[in-house]
Amino acid sequence: ILVVLKDAKGVFMSGGDQNGFMGRFPESSKVPEAIRAVYRRGGVVSGTSAGASLIAEWMPTGNGNETVKGLSVLSGSILDQHFFK
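These figures come from a predicted structure and were not determined experimentally.

A. Focus on the sheet that holds strand β3 (residues 56-60). Pairing is mixed in the open sheet, where three strands are placed in the order β4-β3-β5. The open sheet terminates on both sides in strands that have one partner only, identified here as β4 (67-69) and β5 (74-78). On average, adjacent strands in this sheet sit at an angle of 30 degrees to one another, irrespective of strand direction. Where β3 meets β4, three bridges bridge the pair, whose relative direction is antiparallel. Residue pairing in the sheet places Met59 in a bridge with Val68 of β4.

B. Region of the structure containing the pairing of strand β1 (residues 10-13). Only one face of β1 is covered, namely the one carrying Val11 and Met13; the face carrying Gly10 and Phe12 has none of its residues buried. As paired elements, β1 and strand β2 (residues 44-47) share four bridges and run parallel to each other. The partner of Val11 across the bridge, within β2, is Val45.

C. Quick peek at the pattern of salt bridges. Counted by the stated rule, this structure contains four salt bridges. One salt bridge in this structure joins Arg36 and Glu27, with 2.9 Å as the shortest N-O distance. On the basis of relative accessible area, Arg36 is assigned to the buried category, the value being 15%. Residue Lys69 pairs with Glu57 through a salt bridge whose shortest N-O separation is 3.1 Å. One end of the pair, Lys69, is in strand β4; the other, Glu57, is in strand β3, and 12 residues separate them in sequence. Salt bridges here are not isolated pairs; linked through shared partners, they connect Glu27, Glu33, Arg36 and Arg40.

D. A look at a nonpolar patch on the surface. Side chains of Tyr39, Leu74 and Leu79 sit close together on the surface and give an oily, nonpolar patch of about 230 Å² of accessible area. With respect to the helices and strands, the residue Tyr39 is situated in helix α3 (residues 31-40).

E. Quick peek at α3. Within the sequence span of α3, burial applies to Val31, Pro32, Ala34, Ile35, Arg36 and Val38. Buried positions along α3 lie against α1 (2-6), β1, α2 (18-24) and β2.

F. Examining the environment of Val44 more closely. Inspection of the secondary structure puts Val44 in strand β2. Val44 sits 37 residues away from Gln81 along the chain, and the two C-alpha atoms are 19 Å apart. Discounting residues that sit within four places of it in the chain, Val44 has contacts with Lys9, Gly10, Val11 and Val38.

Criteria and cut-off values
Residues numbered from 1 in each chain as written. Predicted model: local features only at pLDDT ≥ 70, side-chain atom pairs only at ≥ 80, totals over all residues. Heavy atoms only, no water. Pairing = 2+ DSSP bridges. Helix = DSSP H or I, 4+ residues; strand = E, 2+ residues; numbered from the N terminus. Axes fitted to C-alpha atoms, helices over the stretch in contact; angles between N-to-C directions. Buried < 20%, exposed > 50% of the residue type's maximum accessible area, 1.4 Å probe, protein only. Salt bridge = Lys/Arg side-chain N within 4 Å of Asp/Glu carboxyl O. Patch = residues over 30% accessible without salt bridge, like charges linked within 9 Å, V, L, I, M, F, W, Y side chains within 5 Å. Areas by Shrake-Rupley, 256 points an atom, 1.4 Å probe, with all protein chains shown as cover. Contact = heavy atoms within 4.5 Å.

Okay, structure coming up:
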């Protein structure tokens, strides 16, 4: 995945489980930094549902009001993909 992200002009992350994504690709995997690098060099980083939440600095876990660190593509932000009220 790092080889593909090295020259990518865009990244789209689909819905699913943002917690699962961060569990599979922690900072130590270098994938989050590679995605941020796509954005910094002018690429597009987007997503739907859980993928949208990942883009923010903080993301909801789905456990009440709990948030954890996201990919931090957009620093100082939080994206909640689903609202109940």
